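Given next are the chains, with one letter for each unit.
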Amino acid sequence: MMAPHHREDRKEDRQAMDQDRVPPELARMWRIPLDSKLGRPAKLDVGTVVDAAVALADREGLAAATLPRVAESLGVTKMSLYRHVGSKDELLDLMRDSATGPVPDALAGTGPWRERMRMWATAHLDVLAAHPWLAHVQPSGPPNGPNGIDWFDAGLRALRLTGLDWGAKVGALMIVGGYVSSAAQLAQALAAGREGTGLDQAAAEREYGRAMARLVDPERYPDAAALFSGGLLEDTGDETGENDFRFGLELLLDGIAVAVGNAAAEAEER
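Residues numbered from 1 in each chain as written. Predicted model: local features only at pLDDT ≥ 70, side-chain atom pairs only at ≥ 80, totals over all residues. Heavy atoms only, no water.

Trainee: Residues and numbers for the overall build of the protein, please.
Mentor: Looking only at helices and strands, one finds twelve helices and zero strands in the protein. Going residue by residue from the N terminus, the α and β elements of the protein occur as α-α-α-α-α-α-α-α-α-α-α-α. Classification of the 270 residues of the protein by burial places 33% in the buried group. Counting contacts in the protein only where the partners sit at least 6 residues apart, residues at least 24 apart contribute 69% of the total. Accessible surface for the protein amounts to roughly 16800 Å². Of this, 56% is attributable to carbon and sulfur atoms. (Helix = DSSP H or I, 4+ residues; strand = E, 2+ residues; numbered from the N terminus. Buried < 20%, exposed > 50% of the residue type's maximum accessible area, 1.4 Å probe, protein only. Contact = heavy atoms within 4.5 Å. Areas by Shrake-Rupley, 256 points an atom, 1.4 Å probe, with all protein chains shown as cover.)

Trainee: Outline the side chain of His131, supporting the account with residue identities and numerical values.
Mentor: Tracing the backbone through its elements, the reader meets His131 in the loop between α7 (113-130) and α8 (146-158). The class of His131 is buried, set by a relative accessible area of 16%. Polar side-chain contacts of His131 include one of 2.8 Å to the side chain of Asp58. Once residues lying within four places of it in the same chain are set aside, the contact partners of His131 are Val54, Asp58 and Ala99. (Polar contact = N/O pair within 3.5 Å; in protein donor to acceptor, adjacent residues only side chain to side chain.)

Trainee: Run through a negative patch on the surface, naming residues and quoting values.
Mentor: Taken together, Asp165, Glu266, Glu268 and Glu269 make up a surface patch of like negative charges. As for its position among the elements, Glu269 is in helix α12 (residues 242-269). (Patch = residues over 30% accessible without salt bridge, like charges linked within 9 Å, V, L, I, M, F, W, Y side chains within 5 Å. Salt bridge = Lys/Arg side-chain N within 4 Å of Asp/Glu carboxyl O. Lys, Arg positive; Asp, Glu negative; His and termini not counted. Charge placed at Lys NZ, Arg CZ, Asp CG, Glu CD.)

Trainee: Break down the packing of aromatic side chains for me, citing the residues and quoting the values.
Mentor: Tallied over the entire structure, the rule returns three aromatic pairs. A ring pair is formed by Trp120 and Trp151, whose centres lie 6.5 Å apart and whose planes are at 65 degrees; its orientation type is edge-to-face. One end of the pair, Trp120, is in helix α7; the other, Trp151, is in helix α8, with 31 residues separating them in the sequence. Accessibility expressed as a relative area gives 7% for Trp120, which makes it buried. (Phe/Tyr/Trp six-rings, centres within 6.5 Å; stacked < 30°, edge-to-face > 60°.)

Trainee: With reference to specific residues and values, describe helix α10 (residues 201-215).
Mentor: Its 15 residues place the ends of α10 21 Å apart at the C-alpha level, agreeing with the 21 Å of an ideal helix rising 1.5 Å per residue. Restricting attention to buried positions, one finds in α10 the residues Gln201, Ala202, Ala203, Glu205 and Gly209. Check the buried side of α10 and you find it contacts α9 (166-194), α11 (222-229) and α12. The N-cap residue of α10 is Asp200: its side-chain oxygen and the backbone nitrogen of Ala202 are 3.2 Å apart. (Expected span 1.5 Å × (residues − 1).)

Trainee: Report on the nonpolar core, specifying residues and quantitative values.
Mentor: By size, the foremost hydrophobic cluster in this structure holds 54 residues, and its most contacted members are Val70, Leu81, Met95 and Met117. Elements with a contribution of two residues or more to this core: α3 (46-60), α4 (67-74), α6 (88-100), α7, α8, α9 and α12. A per-element tally of this core places α3 first, with eight residues. Every residue in contact with Leu81, bar those within four places of it in the chain, is listed here: Leu44, Val49, Leu67, Val70, Ala71, Leu74 and Val76. (Core = buried A, V, L, I, M, F, W, Y, C linked by side-chain atoms within 4.5 Å.)

Trainee: Please provide a residue-by-residue account of α4, values included.
Mentor: Restricting attention to buried positions, one finds in α4 the residues Leu67, Val70, Ala71 and Leu74. Buried residues along α4 cover an arc of 100 degrees about the axis, so they all sit on one side. Buried positions along α4 lie against α3, α5 (78-81) and α6. (Arc of directions from axis to C-beta.)

Trainee: Talk me through the packing of α9 against α12; I want residue IDs and the actual numbers.
Mentor: Between α9 and α12, the least distance of the axes is 11 Å, while the angle of their chain directions is 170 degrees. Classed by the angle they form, the pair α9 and α12 counts as roughly antiparallel. Taking contact as the criterion, the partners of Ala172, Ile175, Val176, Tyr179, Val180 and Ala183 in α9 are, on α12, Asp244, Phe245, Gly248, Leu249, Leu252 and Ile256. Per-class residue counts for the contact of α9 with α12 are ten nonpolar, one polar and one charged. (Axes fitted to C-alpha atoms, helices over the stretch in contact; angles between N-to-C directions. Parallel < 35°, antiparallel > 145°, perpendicular 65-115°, else oblique. Nonpolar A, V, L, I, M, F, W, Y, C, P; charged D, E, K, R; others polar.)

Pasting the structure below:
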């Protein structure tokens, strides 16, 4: 009969192994094999399934990236996908991390925080422009994949020299990242509204401004009427909405600058 203390040792060993074991969904996200059985290489793997789903979303939109459509595109059954993807929600998480990709080389290193955050936000916007559906995938939690962590790390590195504490840095990244996603969604909505008109963003704004100048009564809407009659929308020169994006981003960076200044003042007091 096994001695009691030996049973306790085995129990502790099993607990330690359980703590070290990576959850299956994270193992798939990080492409860690869940088993090491030898044999013929499988026709499918996580990367193949995710690549097929991303390709469908890029071509036809997020709604097209269903498990049945992914299976059809790969010539397999839907049930065969579940060995590699646990659910539709997990597939979306995998797609988001894969399509986001690693950060560009320009974001390596450190430097003036404002410049680095501006680069981080602009690079993020470029990714959302390349994969428009990404802006509509709601996060299920904090970043947990290799590419998501890569962007998270780059954002933290951009703020390294600010003197902000970890909580403030994470909060700043959440606010800027949320702004970038909202800006991408707005740009897509405006582009969809212009579809078939032949107008770019600047031309659409001119048409809007002229129509409102004719319709808005200055006695009832004095400030709005002053805006539309002032010619602001006549020649913005902003065919893509880039100026609006930069204006909003600079406002956010101004807010972060205040927090950075407060952190510096508190450090001096200490």
